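Each chain is listed here by its residues.
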Amino acid sequence: MMFKSSPQVKDILELMSVQLETFSEQQYTPLITGLKSVGEVFLLIGTQSYNVSQSRIKSVLGAGASCVVVNSNDEHLKQLSVKFQNQDVVLLDREFQLSDLTSLGRSKVGRIVDRVFVNLGAEDSLLIRDIFEQCEKLRIPINTHQRPEFSTFSMCSTYNDPGNSGLQIAITTNGQGCLLANRIKREIVSKLPINISKVVKNMGHLRERIIYEDHSQIIHSHFLSNDLQELGFGIDEDTWESHKLNKLVYEFKVTKKQMQMKRSRWLSQIMEYYPLQSLAELSVDQLADQYQQLSQNSADNGTKTAGTSVQSSTSGPVDDSNTGDSTRSPLTVTESEDLKPKKNGKGTISLVGSGPGSVSMLTIGALHEIKTADLILADKLVPEKVLQLIPQGTETFIARKFPGNAERAQEELLEKGLNGLQKGLKVVRLKQGDPYIFGRGGEEFLFFKSHGYTPLVLPGLSSALAATVVSNIPATQRDVADQVLICTGTGRKGALPAIPEYVETRTTVFLMALHRAQVLVSALIEKGWDENAPAAIVERASCPDQRITRTLLKDVPQTIEEIGSRPPGLLIVGRAINVLTDPEVLNFSGSNTYHIEEGYEHLGFEDNVEALVST
């Protein structure tokens with residue numbers, strides 16, 4: 001028996017074949033956005049799947065838009081009318097007409113609907129095509145259920161914080177499997193701190209206070225709108241200029257506007273550096289009000305007020321009106337009367353290197369010091385994974401070394417350490433990397449020794465050398481690199497350091513250099529460095545969000561401006577960068593000036609080490 005296709009069936013098959021072929025060849029990445037839809041009118045055509053229909057309606061109403069449903073079957077129409085009774089949903093018991101696209105919308109936009117969802121069956125393929133083509137002509141965004149070839153946008157698997165903090169996490173596989181997207185979403189959400197709602201709400205509260213109280217006099221100024229966006233305080237969270245997060249601030253040449261912006265800059269860096277769960281309890285007082293006053297006095301007097309004693313801020317119980325919890329903030333040490341003296345008399349001090357970030361790169365000695373300390377004074381760049389090893393109840397203070405405040409913050413750390421020693425405590429100065437590699441370890445050793453306390457110094461794996469290993473760069477390689485040089489990119493008080501000569505067979509590592517790459521690279525090239533020398537920007541070395549960017553020396557400043565900043569980071573220059581890398585990714589030409597590698601490839605190993613350390 002022969003089956004003869006009707007013209008209509010042939011049209012449908014040909015149409016599906018062409019559309020699927022076109023879609024399979026599509027290699028572009030969709031643009032994901034957060035859309036403000038309050039007051040808009042969304043049109044839902046068909047209710048082939050009741051579950052999909054009710055889910056779409058819920059999403060639309062949750063976004064503040066109204067919903068019109070047309071072309072629904074009788075049974076689904078009744079169910080929807082009961083479920084969404086007295087809500088902003090209009091149910092039309094009739095067939096869909098193309099004219100609905102231009103007659104059911106808001107009067108403000110000429111009755112054109114704002115967005116279309118199609119939920120029709122396979123038998124309506126021709127109608128689906130007509131709707132899609134008409135929406136394209138009218139530039140109406142359209143989503144067709146299970147038909148990506150007839151969609152201009154897709155819905156993500158979304159987590160909405162039940163604590164109403166405003167946090168949303170959206171995952172999409174772009175048609176590769178909605179179940180997989182849901183699985184990935186659950187995996188990500190499971191890793192969030194239990195107090196994430198408080199974290200987001202508290203950061204929003206502090207942001208508003210800083211902007212609308214501290215900057216009330218300049219709220220409408222060009223300075224405010226530009227600089228707050230640079231610091232990540234704008235609506236567009238994905239494109240804020242993060243390369244300016246560590247923008248150089250000359251500590252003793254601070255303008256009035258910079259002083260007014262200081263707490264905003266500190267808050268932006270705290271959000272970037274500090275343990276996520278700790279942000280829930282951060283207060284405005286902990287954003288160093290006394291330092292702002294100190295800076296004001298310094299500016300007024302035109303001199304540095306070195307050695308000025310500053311009272312420690314109290315981190316007593318913080319009452320949370322939402323949960324009733326009373327917890328102590330881990331961001332600051334308590335007042336001295338809360339620090340109980342040890343029974344065995346004199347206090348002890350150790351300077352401990354915590355390595356570049358990976359728990360697996362901690363020494364056993366460093367771990368022992370962390371676990372047995374009474375008071376820990378940590379650098380702000382000590383990664384969260386390491387800080388999480390600090391036992392519950394151990395007093396911890398994280399350095400407030402933010403732009404324009406490095407000297408005074410260092411004095412504060414020394415004062416707190418000395419105060420703890422005089423109370424008979426075991427004080428651990430937890431430093432990022434190695435204490436003696438641009439970590440002021442020598443200065444701190446001399447300070448405490450001069451007060452009668454000789455520190456125990458435990459080395460740490462310096463990021464200067466660890467970063468080359470995790471980046472697959474052999475710092476030395478026969479016939480390629482026979483020496484290594486470690487330099488700073490920022491001298492005392494922000495000055496440019498002495499520029500070394502260029503040696504072709506040397507691997508040079510610049511620490512604290514990315515925030516002033518333009519000035520540094522210009523000075524290097526002027527000194528005779530090869531502008532086409534291989535360069536690597538390594539950020540967050542050995543951390544889960546590690547990023548390695550390979551480029552040429554001349555393109556480093558522009559590259560940093562394009563990709564942003566992910567502190568802490570360093571710059572490596574030398575031929576060894578290319579030895580173990582696929583030559584194809586190093587073919588830089590035209591607009592292709594850099595290659596990015598995301599993530600730390602040994603995370604599975606890292607998880608095993610963390611589990612071992614925890615036990």
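- The name recorded for the protein chain in an unreviewed UniProt entry is Uroporphyrinogen-III C-methyltransferase, from Kluyveromyces marxianus.
- Per its UniProt entry, the protein chain bears the Function (unreviewed entry) comment "Siroheme synthase involved in methionine biosynthesis."
- UniProt's Sequence similarities (unreviewed entry) comment on the protein chain is quoted here verbatim: "Belongs to the precorrin methyltransferase family."

Regarding the overall build of the protein chain
- Each helix and strand in the protein chain was counted, giving 17 helices and 20 strands.
- Every one of the 615 residues in the protein chain was classed for burial, and the buried ones make up 47%.
- Of the contacts formed within the protein chain by residues at least 6 apart in sequence, a portion of 68% connects residues at least 24 apart.
- About 31600 Å² of surface is accessible on the protein chain, with carbon and sulfur atoms providing 51% of the total.

Regarding a nonpolar patch on the surface
- Taken together, the side chains of Leu180, Ile184 and Ile188 make up a nonpolar region of the molecular surface, amounting to roughly 220 Å² of accessible area.
- As for its position among the elements, Ile184 is in helix H5 (residues 178–190).
- Judged by its relative accessible area of 32%, Ile184 falls in the partly exposed class.

Regarding the pairing of strand E12 (residues 395–398)
- Going residue by residue along E12, you find Glu395 and Phe397 tucked away on one face and Thr396 and Ile398 tucked away on the opposite face as well.
- Both strand E11 (residues 375–378) and E12 contribute to a ladder of four bridges, which runs parallel. Paired with Ile376 across the two strands is Thr396, which belongs to E12.

Points about helix H14 (residues 463–470)
- Burial runs high along H14: six of the eight residues are buried.
- All of the buried residues along H14 are Ser463, Ala464, Ala466, Ala467, Thr468 and Val470.
- Put simply, Ser462 is the residue that caps the front of H14, since its side-chain oxygen is 3.1 Å from the backbone nitrogen of Ala464.
- Just past H14, the residue Asn472 takes up positive phi, approximately 60°.

Concerning the pattern of salt bridges
- Evaluation of the coordinates by the stated rule reveals 20 salt bridges.
- One salt bridge connects Glu411 with Arg408, and the closest N-O pair in it is separated by 2.7 Å. Of this pair, Glu411 and Arg408 both sit in helix H12 (residues 406–422), three residues apart, roughly one helical turn.
- Overall, the relative accessible area of 5% leaves Arg408 in the buried class.
- With a closest N to O distance of 2.9 Å, Arg566 and Glu598 form a salt bridge. Here Glu598 lies in strand E20 (residues 595–598) and Arg566 lies in the loop between helix H16 (556–563) and strand E19 (569–573), a separation of 32 residues in the sequence.

Description of the sheet that holds strand E17 (residues 534–539)
- Here we have six strands laid out as an open sheet, ordered E15-E16-E19-E17-E18-E20, and mixed in their pairing. Strands at the two margins of the open sheet, each flanked by one partner only, are strand E15 (483–488) and E20. Averaged over all pairs of adjacent strands, the angle between their axes in this sheet comes to 20°, without regard to strand direction.
- In this sheet, E20 lies alongside strand E18 (residues 547–552) in antiparallel orientation, the contact comprising four bridges. Its bridge partner being in E20, Arg547 is matched across the sheet by Glu598.

A closer look at the environment of Leu461
- Residue position: Leu461 is located in the loop between strand E14 (456–458) and H14.
- Put simply, Leu461 and Gly355 are 106 residues apart on the chain and 4.5 Å apart in space, counted from C-alpha to C-alpha.
- Setting aside chain neighbours within four positions, we find Leu461 in contact with Gly355, Pro356, Met361, Gly433, Asp434 and Ala466.

Overview of the nonpolar core
- Tyr274, Ile370, Ile376, Leu387 and Leu430 are the most contacted members of the largest nonpolar core, which has 34 residues in total.
- Of all elements in the fold, only helix H6 (196–214), helix H8 (256–273), helix H10 (364–372), E11, helix H11 (384–387), strand E13 (426–431) and helix H17 (603–614) reach the threshold of two or more residues within this core.
- With five residues, the single largest contributor to this core is H6.
- Counting contributing residues, this core receives three or more from each of domain 2 (196–289) and domain 3 (348–461).
- Residues in contact with Ile376, not counting those within four places in the same chain, are Ile370, Ile390, Thr394, Glu395, Thr396, Phe397, Val428 and Leu430.

Some details on the packing of aromatic side chains
- If you walk through the whole model with that rule in mind, you get six aromatic pairs.
- Their ring planes at 75° and their centres at 5.6 Å tell us that Phe117 and Phe153 sit as a pair that is edge-to-face. Taken together, the residues Phe117 in strand E4 (residues 115–118) and Phe153 in the loop between strand E5 (142–144) and strand E6 (157–160) connect sequence positions 36 residues apart. Each member of the pair, Phe117 as well as Phe153, is classed as buried.

Examining the environment of Trp529
- Mapped onto the secondary structure, Trp529 falls in the loop between helix H15 (517–526) and E17.
- Residues Trp529 and Lys554, spaced 25 residues apart in sequence, show a C-alpha to C-alpha distance of 9.8 Å.
- Among all residues touching Trp529, those that are not within four sequence positions of it are Ile499, Pro500, Glu501, Tyr502, Thr508, Phe510, Leu524, Leu553 and Val573.
- Within the structure, Trp529 has its side chain in polar contact with the backbone oxygen of Pro500 (distance 2.9 Å).

Conventions used here
- Residues numbered from 1 in each chain as written.
- Predicted model: local features only at pLDDT ≥ 70, side-chain atom pairs only at ≥ 80, totals over all residues.
- Heavy atoms only, no water.
- UniProt positions renumbered as here; feature names shortened; annotations may be inferred.
- Helix = DSSP H or I, 4+ residues; strand = E, 2+ residues; numbered from the N terminus.
- Buried < 20%, exposed > 50% of the residue type's maximum accessible area, 1.4 Å probe, protein only.
- Contact = heavy atoms within 4.5 Å.
- Areas by Shrake-Rupley, 256 points an atom, 1.4 Å probe, with all protein chains shown as cover.
- Patch = residues over 30% accessible without salt bridge, like charges linked within 9 Å, V, L, I, M, F, W, Y side chains within 5 Å.
- Salt bridge = Lys/Arg side-chain N within 4 Å of Asp/Glu carboxyl O.
- Pairing = 2+ DSSP bridges.
- Polar contact = N/O pair within 3.5 Å; in protein donor to acceptor, adjacent residues only side chain to side chain.
- Axes fitted to C-alpha atoms, helices over the stretch in contact; angles between N-to-C directions.
- Core = buried A, V, L, I, M, F, W, Y, C linked by side-chain atoms within 4.5 Å.
- Domains from an automatic or database assignment.
- Phe/Tyr/Trp six-rings, centres within 6.5 Å; stacked < 30°, edge-to-face > 60°.

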